[in-house]
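Survey of secondary and tertiary structure
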Amino acid sequence: MKTIIINIAEIIQIEDTPKELVRGTDMRKINTLKDAYLEIENDLIKSYGKMTDFNTSNKMYENIIDANNGMIFPTFCDSHTHLVFSHYREEEFVDRINGLSYEEIHQRGGGILNSAKKLQKTSEETLYKQALKKIDKAINLGTGAMEIKSGYGLNFEAEIKMLRVIKKLKDNNSIKIKSTFLGAHAIPQEYKKNKAKYIDIIIEEMLPLIAKEKLADYIDVFCEKNYFSVNDTVKIIKAATKYNIQAKTHVNQFNILGGVKASIDNGARSVDHLENMSEEDYISLTNSKCMATILPTCSFFLGIKYSPVKEMIKKNIPIALASDFNPGSSPSLNMSFVSSLGCIKLKMSSEEVINATTINGAYAMGIEKEYGSICVGKKANFFITKPMKNYSYFHYSFGENLIDKVFINGKIKSS
Ligand code: NIG
Ligand code: FE
């Protein structure tokens, strides 16, 4: 089946030769084409070109769609989410407004432990249905690929249940999904005094079954004071490496413990959060192909510091931006807002933000060959915007929904 989109004001993030990732000052460049058409065959991008070269008498298309002077962007590649959970935590939001910190809420058994208690009691079927609705919301907001983590189970049954839900979501044939096992998200209440035992359960009980049933593409650890140490992190990453499962870790959100270097030394594909950075962290990232994944809506929502992205870019580090969608620190799937915060708070240029939310997000999930740009042969996942003067307006006009139509696998998503 062939579809043609005509009257496109500008196609954003075109790649003639596909890249693996973009780093440092190269992030300032994107390729675009003005006054264009785009051709789709089945689920793939077939060609694009200038409208002046398009022959309107051509009748081979099943579908002709008029972009009405909107722009085309590749869909967002959201490489860090915790999309499967059973309840939102707006009561903790109220507690924070009344003065408690995120860490204080965790210390008294709230936070991730609160989510785990509830998820343990929720059936696989219910979690699946809830997750489908959230994915639907994400697609309408322009997301065409996402990573989803476990980590609200915190015991054998519930972690496996979460990963099975994610597997079902993957097989559902809508957007591309990658799954990450985050058993080491918090220390369960019953192991507070015996963290080593819980780590043994992760390594000796959960991981072998997860590997056998291919339930996870990646392994994650929340490397943080009062959660998991650098030694714990290395132990868990090494155990997963034996099954060929690569790491994507939560590091440096509140404290610098050495988790960045340890993750990179152990082959991590991405290190995520990075609100706090040491000289050693910069050096490790500069000399690696590990993606620095920054989560500005988490900083916004918790009122914590924003990552020093400008400094990272100066040091030739590749940056991805992701939503961190979760009920505690970032209850939003809105990658347009993530993009605006990239410009407003991280001081990134529009081009840097576009690279960070598309091709670099794809790299952080290991799907850059098929997603992350408008490139012949890649998946036809993109959105058409409402008309706007230039692409920076998309980031400038925060809070406004400028997405008109979303295409997933070559088909219009009906909202
Ligand atoms: O990435 N920091 C650890 N994990 C999540 C928050 C999880 C939660 O609060 O439920 C994050 O921000
Ligand atoms: Fe997270």
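Along each chain, the written sequence defines residue order, and numbers are assigned to residues from 1. The order in which chains are written sets their letters, starting at A; the order in which ligands are written sets their numbers, starting at 1. With pLDDT at 70 or above as the cut-off, local features in this predicted model cover only qualifying residues; side-chain atom pairs require 80 or more to be listed or tallied, and sums for whole chains, interfaces and linings still use all residues. Each side-chain value is derived from all of the structure's non-hydrogen atoms; neither hydrogens nor water enter the calculation.

**Structural notes on the sheet that holds strand β7 (residues 143–149)**
Each pair of strands is called paired provided DSSP finds at least two bridges between the two strands. The secondary structure listing takes helices from DSSP runs of H or I that are at least 4 residues long and strands from runs of E that are at least 2 residues long, numbered from the N terminus. Taken in spatial order, the eight strands line up as β6-β7-β8-β9-β10-β11-β12-β13 in an open sheet, and their pairing is parallel. Because the sheet does not close on itself, it has two edges, and the strands there are β6 (76–78) and β13 (319–321). Ignoring which end each strand starts from, the neighbouring axes of this sheet average 25 degrees apart. Inspection of the sheet shows strand β8 (residues 176–184) paired to strand β9 (residues 218–223) by three bridges, in the parallel sense. Bridge pairing in β9 links Thr180 to Tyr218. Residue contacts are counted whenever heavy atoms from the two residues lie within 4.5 Å of one another. Each axis is a line fitted through C-alpha atoms, taken for helices only over the stretch in contact, and angles between the N-to-C directions span 0 to 180 degrees. Sheet strands touched by helix α5 (residues 156–171): β7 and β8. Its angle to β8, the strand with the most contacts, is close to 175 degrees. Strands in contact with helix α6 (residues 195–212) are β8 and β9; relative to β8, the strand with the most contacts, it is inclined by about 150 degrees.

**Brief notes about a nonpolar patch on the surface**
The grouping of Phe93, Val94 and Ile97 at the surface amounts to a nonpolar patch, some 280 Å² of accessible area in total. Within the secondary structure layout, Ile97 lies in helix α1 (residues 90–97). A patch is a set of surface residues, each over 30% in relative accessible area and not in a salt bridge, joined within 9 Å for like charges and within 5 Å for the nonpolar side chains Val, Leu, Ile, Met, Phe, Trp and Tyr. Methods summary: accessible areas were calculated by the Shrake-Rupley approach with a probe of 1.4 Å, and residue burial reflects only the protein chains presented. Any Lys or Arg side-chain nitrogen found within 4 Å of a carboxyl oxygen on Asp or Glu counts as a salt bridge.

**A few points about the coordination of the iron ion (ligand 2)**
Taken together, the protein donors to the iron ion (ligand 2) comprise His80 (NE2), His82 (NE2), His250 (NE2) and Asp324 (OD), at separations of 2.1 to 2.3 Å. Nitrogen, oxygen and sulfur within 2.8 Å of a metal are treated as its donors, or within 3.2 Å for sodium, potassium and calcium (Na, K, Ca); water is not counted, so a site can appear incomplete. Binding-site remark: the iron ion (ligand 2) is held by donors from one chain whose sequence spacing is H-x1-H-x167-H-x73-D. Residue His82 is located in the loop between β6 and α1, and its partner His250 is located in strand β10 (residues 246–251); the two are separated by 168 residues in the primary sequence. Across the pair, exposure class does not vary: His82 and His250 are buried alike. Burial classification: accessible surface area is computed with a 1.4 Å probe over protein chains only, and a residue below 20% of its type maximum counts as buried, one above 50% as exposed, and the rest as partly exposed.

**Quick notes on the domain arrangement of the protein chain**
Note that domain bounds follow an automatic or database assignment of domains. For the protein chain, the assigned domains read domain 1 (2–74 + 373–412) and domain 2 (76–365). Measuring from the centre of the C-alpha atoms in domain 1 to the corresponding centre in domain 2 gives 30 Å. Each partner contributes to the interface: domain 1 provides 29 residues, whereas domain 2 provides 39 residues. Once two parts are joined, some of their accessible surface, as seen by a 1.4 Å probe, is lost; buried area is that loss totalled over both. Together, Arg23, Met27 and His395 form the three largest contributors to the area buried by domain 1 at its contact with domain 2, with a combined 27%. On the surface where domain 1 and domain 2 come into contact, there are two salt bridges.

**With respect to the site of ligand 1**
Surveying the vicinity of ligand 1 reveals 15 residues, the closest of which are Tyr102, Tyr152, Gln253, Asp324 and Ser329. For ligand 1, an oxygen atom lies 2.6 Å from a polar atom in the side chain of Tyr152. When ligand 1 is considered free in solution it has 330 Å² of accessible area, and contact with the protein chains removes 100% of it. Of the residues that constitute the shell around ligand 1, the class distribution is four nonpolar, nine polar and two charged. We call a residue near a molecule or strand whenever a single non-hydrogen atom of that residue lies within 4 Å of it. Throughout this description, a polar contact denotes any pair of N or O atoms lying within 3.5 Å of each other; where both atoms belong to protein, one of them has to be capable of donating a hydrogen while the other can accept it, and for residues adjacent in sequence the pair is counted only when both atoms sit in side chains. Under the convention adopted here, Pro, Cys and the residues Ala, Val, Leu, Ile, Met, Phe, Trp and Tyr are nonpolar, Asp, Glu, Lys and Arg are charged, and Gly plus all remaining residues are polar.

**A closer look at the packing of helix α12 (residues 335–344) against helix α13 (residues 350–357)**
Viewed as axis vectors pointing N to C, α12 and α13 meet at an angle of 140 degrees, and their least axial separation amounts to 9 Å. Taken as axis vectors, α12 and α13 run oblique relative to one another. The hand of the α12/α13 crossing is right-handed. Packed against α12, whose contacting residues are Met335, Ser339, Gly342 and Cys343, the element α13 presents Ser350, Val353 and Thr357 at the interface. Oblique is the label for any angle not covered by the other classes, which are roughly parallel (under 35 degrees), roughly antiparallel (over 145) and roughly perpendicular (65 to 115). By convention, the crossing between two helices is left-handed when the near helix turns anticlockwise from the far helix through less than a right angle, and right-handed when the turn is clockwise.

**Let's talk about the nonpolar core**
Across soluble globular proteins, you tend to see nonpolar side chains buried next to one another. Ranked by size, the top nonpolar core spans 106 residues in total, and within it Leu83, Val84, Leu169, Leu274, Leu285, Ile319 and Met348 carry the most contacts. Residue contributions to this core reach at least three from each of two domains, namely domain 1 (2–74 + 373–412) and domain 2 (76–365). Not counting chain neighbours up to four residues away, the residues in contact with Leu285 comprise Arg23, Val260, Ile264, Val271, Leu274, Met277, Cys290, Ala292 and Ile317. Core analysis: the next-biggest nonpolar cluster, separate from the first, contains 18 residues, Leu33, Ile40, Ile72 and Ala380 among them. Residues belong to one nonpolar core when they are buried, are Ala, Val, Leu, Ile, Met, Phe, Trp, Tyr or Cys, and are joined through side-chain atoms within 4.5 Å.

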